[in-house]
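# Coordinate analysis (summary)
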Amino acid sequence: SSAASDVYKRQGRVLSFDGLYYTTPPKSPLALDSRPSSDTDVAWALRNWTAWNWLSGGQFVEQIVHTIDGMVWSMNEQLPLAAFGSGGRAQRRDDGDVWDHYDVYFEYDHNVTAHISCRQWVGCHGEIVDRTICEKGMLVTPYRPYIQANNRWRFRGERGNMYADTHVAFYRFLRSGTWTQTLESAANKTLAAIMGREAAHTCLLYTSPSPRDMRRS
């Protein structure tokens, strides 16, 4: 993107990316004894959809795809070549199968790496931040962005509502006829999130297919 290209011009080549997403569960898991006797297995799962990988994708797909978006943006829309990681269930006691913490590394060309650590725990320090480390400085996003370098910069504009701003931008593009197709980009980032999740679930090194193979499929 043009914004990422501007960062490269100012701060040099990206060396690494580090994303933290430490938060609480977005929807409290329902207690095991709260299931109505009339609920079928599917109805119960739908009522507690964030607890199941087949419905939500789990934290690394349903939520961390936002951090994946920032990672791919930082890498100038390039997708990772490989991923490995770990994680597990530490606090969750529901009957679902999603994990509540992950630690995943992604590999890029030229020894560039990206690291994402996330958890959905109650009673712990919370922090959501992306750090893109470049040759001449570090870009910190997404909230109140700033660049830590010799020529420092900090966003000092008015902080808006990201949900409302997204809708305003979407309708502005529709009305102006300048909408840019983003479905392929969204699908690729979802696949990158799935790759990271599966690498952690299996404790194996997952590699991505080449762009030529992806076009064939």
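The present account deals with the structure reproduced in this document. Note that the coordinates shown come from a computational prediction; the quantities given were computed from them, not determined experimentally.

Turning to the sheet that holds strand β3 (residues 101-107), a few remarks are in order. Across the sheet, which stays open at both edges, the 9 strands sit in the order β8-β7-β6-β5-β1-β4-β3-β2-β9 with mixed pairing between neighbours. In the strand order of this sheet, the two ends are held by β8 (153-154) and β9 (206-207), each with one partner. Where strand β2 (residues 82-88) lies against β9, 2 bridges are found, and the strand directions are antiparallel. Directly across from A82, in β9, lies its bridge partner T207. Running over the sheet, helix α5 (residues 65-74) touches β1 (14-23), β3, β4 (113-120), β5 (127-134) and β6 (137-141) and is turned about 170° from β1.

Attention now moves to the nonpolar core. Of all hydrophobic cores here, the largest spans 27 residues; its most connected members are F60, I68, M71, F106 and I116. Put simply, the parts of the chain that give this core at least two residues each are β1, α4 (59-62), α5, β3, β4 and α7 (183-202). Looking at which element gives the most residues to this core, the answer is α7, with 5 residues. Judged by nonpolar contacts, the second largest core, of 5 residues, contains L20, Y22, V129 and M138.

Below, the discussion takes up a nonpolar patch on the surface. Residues F170, Y171, F173, L174 and W179 make up a contiguous nonpolar surface patch of about 470 Å² in total accessible area. Within the secondary structure, F173 is located in helix α6 (residues 162-176). Of the residues examined, F173 reaches a relative accessible area of 33% and is grouped as partly exposed.

On to the pattern of salt bridges. Going through the model one piece at a time under the given rule, you end up with 8 salt bridges. Salt-bridge contacts for D94 lead to R89; the nearest nitrogen and oxygen are separated by 3.8 Å. A residue is classified by how much of its surface remains accessible, and D94, at 8% relative accessible area, is buried. R89 gets classed as partly exposed once you look at its relative accessible area, which sits at 30%. Among the charged side chains, a salt-bridge network with shared partners connects D69, E77 and K189.

The next subject is the packing of aromatic side chains. Summed over the entire model, instances satisfying the criterion amount to 5 aromatic pairs. On the numbers, 5.7 Å between centres and 15° between planes, the contact of F84 with Y105 is stacked. In this pair, F84 is assigned in strand β2 and Y105 in strand β3, connecting sequence segments 21 residues apart. In this structure an aromatic cluster arises from ring pairing among F60, W99, Y102 and F106. The ring of Y22 carries R119 above its face, with NZ or CZ at 4.0 Å from the centroid.

Okay, the state of the cysteines next. Under the counting rule described, the total for this entry stands at 0 disulfides. Free of any disulfide, C124 has its nearest neighbouring cysteine sulfur in C118, separated by 13 Å. You can call C124 partly exposed: its relative accessible area is 37%.

What counts, and at which threshold
Residues numbered from 1 in each chain as written. Predicted model: local features only at pLDDT ≥ 70, side-chain atom pairs only at ≥ 80, totals over all residues. Heavy atoms only, no water. Pairing = 2+ DSSP bridges. Helix = DSSP H or I, 4+ residues; strand = E, 2+ residues; numbered from the N terminus. Contact = heavy atoms within 4.5 Å. Axes fitted to C-alpha atoms, helices over the stretch in contact; angles between N-to-C directions. Core = buried A, V, L, I, M, F, W, Y, C linked by side-chain atoms within 4.5 Å. Buried < 20%, exposed > 50% of the residue type's maximum accessible area, 1.4 Å probe, protein only. Patch = residues over 30% accessible without salt bridge, like charges linked within 9 Å, V, L, I, M, F, W, Y side chains within 5 Å. Areas by Shrake-Rupley, 256 points an atom, 1.4 Å probe, with all protein chains shown as cover. Salt bridge = Lys/Arg side-chain N within 4 Å of Asp/Glu carboxyl O. Phe/Tyr/Trp six-rings, centres within 6.5 Å; stacked < 30°, edge-to-face > 60°. Lys NZ or Arg CZ within 6 Å of the ring centre and 35° of its normal. Disulfide = S-S within 2.5 Å.

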